[in-house]
Amino acid sequence: YNAAISACELAGEHGQSKLLLEAAISRDAFPTLWKGGMLDLHDLPAPVARTAVRLALDDMVRRPDERTFHDTEIGGDFSIITGRGKHSEGGAAVLRPAILAMFRDE
(Lines give C-alpha, C1' and ligand atoms only; values in the text may rest on other atoms or scores of the structure.)
Protein backbone atom coordinates (compact mmCIF):
# COMPACT_ATOMS: atom_id res chain seq x y z
CA TYR A 1 0.00 0.00 0.00
CA ASN A 2 2.82 2.43 0.80
CA ALA A 3 4.02 2.58 -2.81
CA ALA A 4 0.55 3.11 -4.30
CA ILE A 5 -0.49 5.71 -1.70
CA SER A 6 2.82 7.54 -2.11
CA ALA A 7 2.51 7.59 -5.90
CA CYS A 8 -0.99 9.08 -5.72
CA GLU A 9 0.02 11.60 -3.06
CA LEU A 10 3.07 12.76 -5.02
CA ALA A 11 0.92 13.10 -8.18
CA GLY A 12 -1.47 15.38 -6.31
CA GLU A 13 -4.23 12.77 -6.34
CA HIS A 14 -5.13 13.26 -2.67
CA GLY A 15 -8.61 11.78 -3.02
CA GLN A 16 -7.23 8.60 -4.53
CA SER A 17 -4.49 8.34 -1.91
CA LYS A 18 -7.13 8.63 0.85
CA LEU A 19 -9.25 5.90 -0.80
CA LEU A 20 -6.22 3.60 -0.89
CA LEU A 21 -5.42 4.32 2.75
CA GLU A 22 -9.06 3.66 3.69
CA ALA A 23 -8.82 0.28 1.95
CA ALA A 24 -5.54 -0.50 3.70
CA ILE A 25 -6.98 0.40 7.10
CA SER A 26 -10.05 -1.76 6.46
CA ARG A 27 -7.65 -4.66 5.84
CA ASP A 28 -5.70 -3.87 9.03
CA ALA A 29 -2.56 -2.99 7.05
CA PHE A 30 -1.71 -0.17 9.50
CA PRO A 31 -2.76 -1.58 12.91
CA THR A 32 -0.76 0.93 14.99
CA LEU A 33 -1.79 4.06 13.09
CA TRP A 34 -4.46 5.16 15.58
CA LYS A 35 -4.07 4.83 19.32
CA GLY A 36 -6.85 6.58 21.26
CA GLY A 37 -6.46 10.23 20.38
CA MET A 38 -3.00 9.79 18.82
CA LEU A 39 -2.22 9.42 15.14
CA ASP A 40 1.12 7.59 15.15
CA LEU A 41 2.99 8.20 11.90
CA HIS A 42 6.16 6.30 12.89
CA ASP A 43 7.49 4.07 10.13
CA LEU A 44 5.37 5.68 7.41
CA PRO A 45 6.86 7.34 4.35
CA ALA A 46 6.16 11.10 4.32
CA PRO A 47 3.57 10.91 1.50
CA VAL A 48 1.61 8.21 3.36
CA ALA A 49 1.89 10.22 6.60
CA ARG A 50 0.41 13.28 4.88
CA THR A 51 -2.45 11.15 3.58
CA ALA A 52 -3.05 9.71 7.06
CA VAL A 53 -3.30 13.20 8.56
CA ARG A 54 -5.74 14.31 5.85
CA LEU A 55 -7.86 11.20 6.35
CA ALA A 56 -7.90 11.57 10.15
CA LEU A 57 -8.95 15.22 9.93
CA ASP A 58 -11.60 14.43 7.30
CA ASP A 59 -12.94 11.61 9.46
CA MET A 60 -13.27 13.93 12.43
CA VAL A 61 -15.71 15.92 10.32
CA ARG A 62 -17.45 13.03 8.51
CA ARG A 63 -17.44 10.60 11.50
CA PRO A 64 -17.68 7.33 9.52
CA ASP A 65 -18.70 4.27 11.54
CA GLU A 66 -15.99 2.06 10.06
CA ARG A 67 -13.04 4.12 11.39
CA THR A 68 -12.45 5.60 14.79
CA PHE A 69 -10.18 8.58 14.13
CA HIS A 70 -13.02 10.72 15.42
CA ASP A 71 -13.56 8.85 18.69
CA THR A 72 -11.95 11.36 21.00
CA GLU A 73 -13.78 12.73 23.98
CA ILE A 74 -15.38 16.14 23.57
CA GLY A 75 -12.57 18.53 24.37
CA GLY A 76 -10.06 15.66 24.27
CA ASP A 77 -6.68 16.06 22.70
CA PHE A 78 -5.70 14.92 19.25
CA SER A 79 -1.96 14.32 18.87
CA ILE A 80 0.09 13.58 15.78
CA ILE A 81 3.19 11.52 16.59
CA THR A 82 5.93 12.05 14.03
CA GLY A 83 9.01 10.77 15.80
CA ARG A 84 12.45 12.31 15.85
CA GLY A 85 13.97 10.76 12.76
CA LYS A 86 16.08 8.15 14.56
CA HIS A 87 15.47 5.65 11.75
CA SER A 88 15.65 8.15 8.91
CA GLU A 89 18.65 8.47 6.67
CA GLY A 90 21.15 10.72 8.43
CA GLY A 91 19.04 10.64 11.60
CA ALA A 92 17.17 13.79 10.56
CA ALA A 93 13.45 14.18 11.16
CA VAL A 94 11.44 13.78 7.96
CA LEU A 95 7.81 13.50 9.03
CA ARG A 96 7.48 16.54 11.29
CA PRO A 97 8.75 19.00 8.64
CA ALA A 98 6.56 17.30 6.00
CA ILE A 99 3.40 17.56 8.12
CA LEU A 100 4.14 21.14 9.19
CA ALA A 101 4.72 22.11 5.54
CA MET A 102 1.41 20.47 4.60
CA PHE A 103 -0.42 22.49 7.27
CA ARG A 104 1.30 25.68 6.13
CA ASP A 105 0.76 25.16 2.40
CA GLU A 106 -2.78 23.76 2.25
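Scroll up to find the structure this text is about.
This structure is a prediction, so every number in the text was calculated from the model and none was measured.

Before going further, it helps to spend a moment on the overall build of the protein chain. Along the protein chain, the regular secondary structure elements total four helices and three strands. When the elements of the protein chain are put in sequence order from the N terminus, they spell out α-α-β-β-α-β-α. Buried positions account for 37% of the 106 residues belonging to the protein chain. Long-range pairs, those at least 24 residues apart, make up 59% of the contacts in the protein chain with a sequence separation of at least 6. Here the protein chain has roughly 6400 Å² of accessible surface; of this, 51% comes from carbon and sulfur atoms.

On to the environment of Ala7, then. You can see Ala7 is positioned in helix H1 (residues 2-10). Judged by relative accessible area, which is 47%, Ala7 ranks as partly exposed.

Moving on to the sheet that holds strand S2 (residues 38-40). The sheet built from three strands is open, its strands ordered S1-S2-S3 with mixed pairing. Bordering the open sheet on either side are strand S1 (34-35) and strand S3 (79-81), each of which pairs with just one other strand.

Okay, the pattern of salt bridges next. Applying the stated rule across the entire model yields five salt bridges. With a shortest N-O distance of 3.3 Å, Arg50 and Glu9 are connected by a salt bridge. Taken together, the residues Arg50 in helix H3 (residues 46-62) and Glu9 in helix H1 connect sequence positions 41 residues apart. On the accessibility criterion, Arg50 (17% relative accessible area) is buried. On the accessibility criterion, Glu9 (5% relative accessible area) is buried.

Locating Asp40 in the fold gives a position in strand S2. Of note is the side chain of Asp40, whose polar atom sits 2.5 Å from the side chain of His42. Those residues in contact with Asp40 that lie beyond four places of it in its chain are Thr32, Leu33, Lys35 and Ile81.

Of all hydrophobic cores here, the largest spans 20 residues; its most connected members are Phe30, Leu33, Leu39, Leu41 and Leu44. Residue assignment for this core shows that the elements contributing at least two residues are helix H2 (14-26), H3 and helix H4 (95-105). Sort the elements by how many residues they give to this core and H3 lands first, with seven residues.

A word on unusual backbone geometry. Positive phi values are uncommon outside glycine, yet Asp28 reaches one of about 60°. Within the element layout of this structure, Asp28 appears in the loop between H2 and S1. For Asp43, which is not glycine, the phi torsion reads 70° and is therefore positive. Assignment of secondary structure puts Asp43 in the loop between S2 and H3. Asp43 sits in the exposed class, given a relative accessible area of 72%.

Conventions adopted
Residues numbered from 1 in each chain as written. Predicted model: local features only at pLDDT ≥ 70, side-chain atom pairs only at ≥ 80, totals over all residues. Heavy atoms only, no water. Helix = DSSP H or I, 4+ residues; strand = E, 2+ residues; numbered from the N terminus. Buried < 20%, exposed > 50% of the residue type's maximum accessible area, 1.4 Å probe, protein only. Contact = heavy atoms within 4.5 Å. Areas by Shrake-Rupley, 256 points an atom, 1.4 Å probe, with all protein chains shown as cover. Pairing = 2+ DSSP bridges. Salt bridge = Lys/Arg side-chain N within 4 Å of Asp/Glu carboxyl O. Polar contact = N/O pair within 3.5 Å; in protein donor to acceptor, adjacent residues only side chain to side chain. Core = buried A, V, L, I, M, F, W, Y, C linked by side-chain atoms within 4.5 Å.

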